[in-house]
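What follows is each chain in one-letter form.
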Amino acid sequence: MTHKHGQGCGCGHTEETVDLARRRVLASVAAAGVAGAASVAGSGAQAATDEAKALYADPENPGLPQIDMAIEPGRTALVVTDPQIDFLSEDGVTWGVVGESVTEQGTVDNIEELFKAAKAAGMPVFISPHYYYPHDHKWNFEGTLEATMHSIGMFDRLGPLNLDNFEGSGADWMPQYKKYIEDGETIVCSPHKVYSPAQNDLNLQLRKRGIDKVILAGMSANLCTQAHLYDLLELGYEVAVVRDATAGAKVPEGDGYLAALINFRMVANGVWWTDDAVKRIGSSA
């Protein structure tokens, strides 16, 4: 953890409260009866399981019009939200609640497949990351998950100009993504602070590149990914979401992935599987 909690840090949290919050997050999984997260922790990433495909299958007879998005070179980009250790690694602080979904969907590998396809096709890639600095821990009010993220030290960094202890921390990229993100071509936007890109420069960076179509992936399905979808739609973009290149928390309050998937079907311009997205990207080159 990069932000050192203690009596003098000013954020209101101590090492003890952070540890308690982490244990509360893990306990919430047990309360929901979701034992799978622990069992898959050492299994590594893989393609979406047959069980998950069946569980989250699209309806055989959709009641809504089926809309799709065409990729147009020069106008289309891949946008990935929060491809960071705290969301996608067994070592991340949220693995206890997102690990089962990440493993079911094959999220880690699927995001990498999208990176590979976009780079091979010369498609622009944008990252919308999530970072918290010490001053963010002094907010006067928070929503439920904002409070949770702050209390467990999620995405913590020592400051916007300070990379001390960043390498390998929960705020860092997943190691297998670094060669794509740090290639000198990928656009890493300023951090979003709650869920959507309303407070970062993603929209500006996309518009300055002439992008008006987005292939969206990343974490977490019903939080930052969904919020990016809504915000981009309101700004006039076409957005296709890659359904198995995201995942969500499973807690007593519900299945975040399922909640997001329902909304993706209702509002996105396309809802694709990774294999389909990769083929489309390759064909557009």
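This text gives an overview of the structure that appears in the document. (Residues numbered from 1 in each chain as written. Predicted model: local features only at pLDDT ≥ 70, side-chain atom pairs only at ≥ 80, totals over all residues. Heavy atoms only, no water.)

## Some details on the overall build of the chain
This is how the line gets drawn: Secondary structure is summarised from DSSP: a helix means a run of H or I of at least four residues, a strand means a run of E of at least two, and numbering begins at the N terminus for each. Three exposure classes are used, based on accessible area relative to the maximum for each residue type with a 1.4 Å probe and protein chains only: buried under 20%, partly exposed in between, and exposed over 50%. Residues count as neighbours in contact if any of their non-hydrogen atoms are within 4.5 Å of one another. Note on areas: these come from Shrake-Rupley sampling with a 1.4 Å probe, and a residue is covered only by the protein chains present in the view.
Along the backbone of the chain there are 12 helices and eight strands. Among the 285 residues that make up the chain, the fraction classed as buried is 52%. Considering only residue pairs separated by 6 or more positions, the chain has 80% of its internal contacts joining residues 24 or more positions apart. Carbon and sulfur atoms make up 52% of the accessible area of the chain, which amounts to about 12600 Å² in all.

## Side note on the layout of surface pockets
Filter applied, for reference: We place a 1 Å grid over just the protein atoms. Points where a 1.4 Å probe fits but has no way out form a cavity, open points with protein on both sides within 12 Å along at least 5 of 7 lines form a pocket, and any residue with an atom within 4 Å of a point lines it. Grid points are joined across faces, edges and corners, and a volume is the space filled by probe spheres set on the points.
In this structure, the second largest pocket occupies an estimated 490 Å³ of space. Lining the second largest pocket are 21 residues; nearest its centre among them are Asp58, Pro65, Gln66, Arg265 and Val271. Of all the secondary-structure elements, those providing two or more residues to the lining of the second largest pocket are helix H11 (256-267), strand E8 (270-272) and helix H12 (274-284).

## Describing the nonpolar core
So the rule is basically this: The set of buried Ala, Val, Leu, Ile, Met, Phe, Trp, Tyr and Cys residues whose side-chain atoms join them within 4.5 Å is what this entry labels a nonpolar core.
In terms of nonpolar packing, the biggest core is built from 50 residues, with Leu78, Leu88, Val102, Leu114, Phe115, Tyr177 and Ile215 touching the most fellow members. The greatest single-element share of this core, amounting to six residues, is contributed by helix H6 (residues 107-121). Apart from the residues within four sequence positions on either side, Leu114 is in contact with Leu78, Ala217, Val242, Ala245, Thr274, Ala277, Val278 and Ile281. Listed in part, the 23 residues of the second largest apolar core include Ala52, Val79, Phe126 and Val239.

## A closer look at helix H7 (residues 144-151)
Within H7, burial applies to Glu146, Met149, His150 and Ser151. Of the residues flanking the end of H7, it is Gly153, one or two places downstream, whose phi is positive at about 75°.

## Quick word on the sheet that holds strand E4 (residues 213-218)
Stated formally: A pair of strands is labelled paired if DSSP reports no fewer than 2 bridges between them. Between the N-to-C directions of two axes lies an angle of 0 to 180 degrees, each axis being a line fitted to C-alpha atoms and, for a helix, fitted only over the stretch in contact.
Ordered in space as E3-E2-E1-E4-E5-E8, the six strands form an open sheet in which the pairing is parallel. The open sheet terminates on both sides in strands that have one partner only, identified here as strand E3 (187-188) and E8. Both E4 and strand E5 (residues 238-242) contribute to a ladder of four bridges, which runs parallel. Its bridge partner lying in E5, Ile215 is registered against Ala240. H6 rests against strand E1 (76-81), strand E2 (125-128), E4 and E5 of the sheet, and its axis sits at about 150° to E1. Here helix H10 (residues 221-234) sits on the sheet and contacts E1, E2, E4 and E5; the angle it forms with E4, its principal contact strand, is near 170°.

## Observations concerning the packing of H10 against H11
Counted only if it meets this: For classification purposes, an angle smaller than 35 degrees is called roughly parallel, one larger than 145 roughly antiparallel, one from 65 to 115 roughly perpendicular, and anything else oblique. In this scheme, a crossing is called left-handed if the near helix is turned counterclockwise away from the far one by less than a right angle; it is called right-handed if the turn is clockwise. Charged means Asp, Glu, Lys or Arg here, nonpolar means Ala, Val, Leu, Ile, Met, Phe, Trp, Tyr, Cys or Pro, and polar covers whatever is left, Gly included.
The contact between H10 and H11 brings their axes to 9 Å, and the two run at 15°. Overall, the two elements H10 and H11 adopt an arrangement that is roughly parallel. Considering only the axes of H10 and H11, their crossing is left-handed. Two secondary-structure elements touch here, H10 through Ala221, Asn222, Thr225, Gln226, Leu229, Tyr230 and Leu233 and H11 through Gly256, Tyr257, Ala259, Ala260, Asn263, Phe264 and Val267. When grouped by side-chain class, the residues that make up the contact of H10 with H11 number nine nonpolar, five polar and no charged.

## Quick look at the pattern of salt bridges
Counted only if it meets this: The salt bridge criterion pairs a side-chain nitrogen of Lys or Arg with a carboxyl oxygen of Asp or Glu, the two atoms within 4 Å.
Per the stated rule, a full pass over the model turns up 15 salt bridges. With a shortest N-O distance of 3.8 Å, Glu100 and Lys250 are connected by a salt bridge. Placement of Glu100 in helix H5 (residues 95-105) and of Lys250 in strand E6 (residues 250-251) is noted, with a sequence separation of 150 residues between them. The same class applies to Glu100 as to Lys250, namely buried.

## Here's the deal with the packing of aromatic side chains
Quick reminder of the rule: Between 30 and 60 degrees the pair is tilted, below 30 it is stacked and above 60 it is edge-to-face, where a pair is any two Phe, Tyr or Trp rings, Trp via its six-membered ring, whose centres lie within 6.5 Å.
For the coordinates displayed, the defined rule picks out seven aromatic pairs. With 6.1 Å between their ring centres and 75° between their planes, Tyr131 and Phe166 make a pair best called edge-to-face. Remark: Phe166 occurs in the loop between H7 and helix H8 (178-181) and Tyr131 occurs in the loop between E2 and H7; sequence separation between them is 35 residues. Centre to centre, the rings of Tyr132 and Trp139 are 6.0 Å apart; their planes meet at 85°, and the pair counts as edge-to-face.

## Here's the deal with the pairing of E4
The condition that has to hold: Classification remark: right-handed applies to a crossover when, strands pointing away from the viewer, the course from the first strand over the helix to the second runs clockwise.
In terms of burial, E4 is a largely internal element, six of the six residues being buried. Neither face of E4 is left uncovered, since the one carrying Lys213, Ile215 and Ala217 and the one carrying Val214, Leu216 and Gly218 both have all their residues buried. Sheet topology places E1 next to E4; six bridges connect them, and they run parallel. Of the residues in E4, the one forming a bridge with Val79 is Leu216. With H10 bridging E4 and its parallel neighbour E5, the resulting β-α-β unit is right-handed.

## With respect to H6
Selection rule: Expected span of a helix: the number of residues minus one, times 1.5 Å.
Taking 1.5 Å of rise per residue, 15 residues should cover 21 Å, and H6 covers 21 Å from first to last C-alpha, within 8% of that figure. Inspection of H6 places Thr107, Val108, Asn110, Ile111, Glu112, Leu114, Phe115, Ala117 and Ala118 among the buried residues, and these make up the whole buried set.

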